[in-house]
Amino acid sequence: MILVHAEAERSIRNAVVRMHNIQRPEVCSRPDYAVKLFKSGFNCAQSVFAAYADLFGLDFETSLKMSGALGGGVGRMREVCGAVLSMSLVAGLKEGNANPEDEEAKAHIYELVRKMSDMFRERQGSIICREILGIEGMEESSRPSVRTPEFYSSRPCAGIIKCAAQIIDEVLFSKE
């Protein structure tokens, strides 16, 4: 019985992913696409990361799974903003290192992430989710808020997501 329930849940989840597999129109900027993903129900981290994943050969579903736990300031603990974390993931895919002995490459990616985080902090006032949202401490529940028109209008998240994606474009892709 439990196995059947788990299989049904997985099947429903996969159908939802397919349903939300919103293709980025060629005329739509990646920052606008990230906002569109957020407004379709994905969290901040997923929205930013999935907007760029195709550039690195990652499929939509994998990008959502990789970044999903980072939403809400990591598992809704309201620590570092999920959009900031996804900026770091995209930077790592674009310019990260895979050689543990390459100290220059390590320094380069750390410098790049700090630069992007500083830009975000300048524009948003903080990189900490709870400070951006103006709430105290961690959420009591790990359950995400229900996405309603009121939710979207009461949160600055769409603008924060767009800001993070704009920084990605400026820092990582402006020369291309």
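Note that the coordinates shown come from a computational prediction; the quantities given were computed from them, not determined experimentally. (Residues numbered from 1 in each chain as written. Predicted model: local features only at pLDDT ≥ 70, side-chain atom pairs only at ≥ 80, totals over all residues. Heavy atoms only, no water.)

Undergrad: Outline the packing of aromatic side chains, supporting the account with residue identities and numerical values.
TA: The geometry of an aromatic ring pair comes down to the distance between the two centres and the angle between the two planes. Scanning the model with the defined rule gives two aromatic pairs in all. Considering the side-chain rings of F42 and F60, the 5.9 Å spacing of their centres and the 85 degrees angle between planes classify their relative orientation as edge-to-face. Taken together, the residues F42 in the loop between helix 2 (30–39) and helix 3 (44–53) and F60 in helix 4 (residues 60–68) connect sequence positions 18 residues apart. On the basis of relative accessibility, which here comes to 10%, the residue F42 falls in the buried class. F60 sits in the buried class, given a relative accessible area of 12%. Their ring planes at 10 degrees and their centres at 6.0 Å tell us that Y52 and F173 sit as a pair that is stacked. Highlighted residues: Y52 in helix 3 and F173 in helix 9 (residues 157–173), separated in sequence by 121 residues. Residue Y52 shares its accessibility class with F173, and that shared class is buried. (Phe/Tyr/Trp six-rings, centres within 6.5 Å; stacked < 30°, edge-to-face > 60°. Helix = DSSP H or I, 4+ residues; strand = E, 2+ residues; numbered from the N terminus. Buried < 20%, exposed > 50% of the residue type's maximum accessible area, 1.4 Å probe, protein only.)

Undergrad: Can you explain unusual backbone geometry? Please cite residues and give values.
TA: Positioned with a positive phi, R76 is a non-glycine residue whose angle comes to about 65 degrees. Phi at R78 is positive, roughly 65 degrees, even though this residue is not glycine. Within the element layout of this structure, R78 appears in the loop between helix 4 and helix 5 (82–95). A relative accessible area of 5% means that R78 is categorised as buried.

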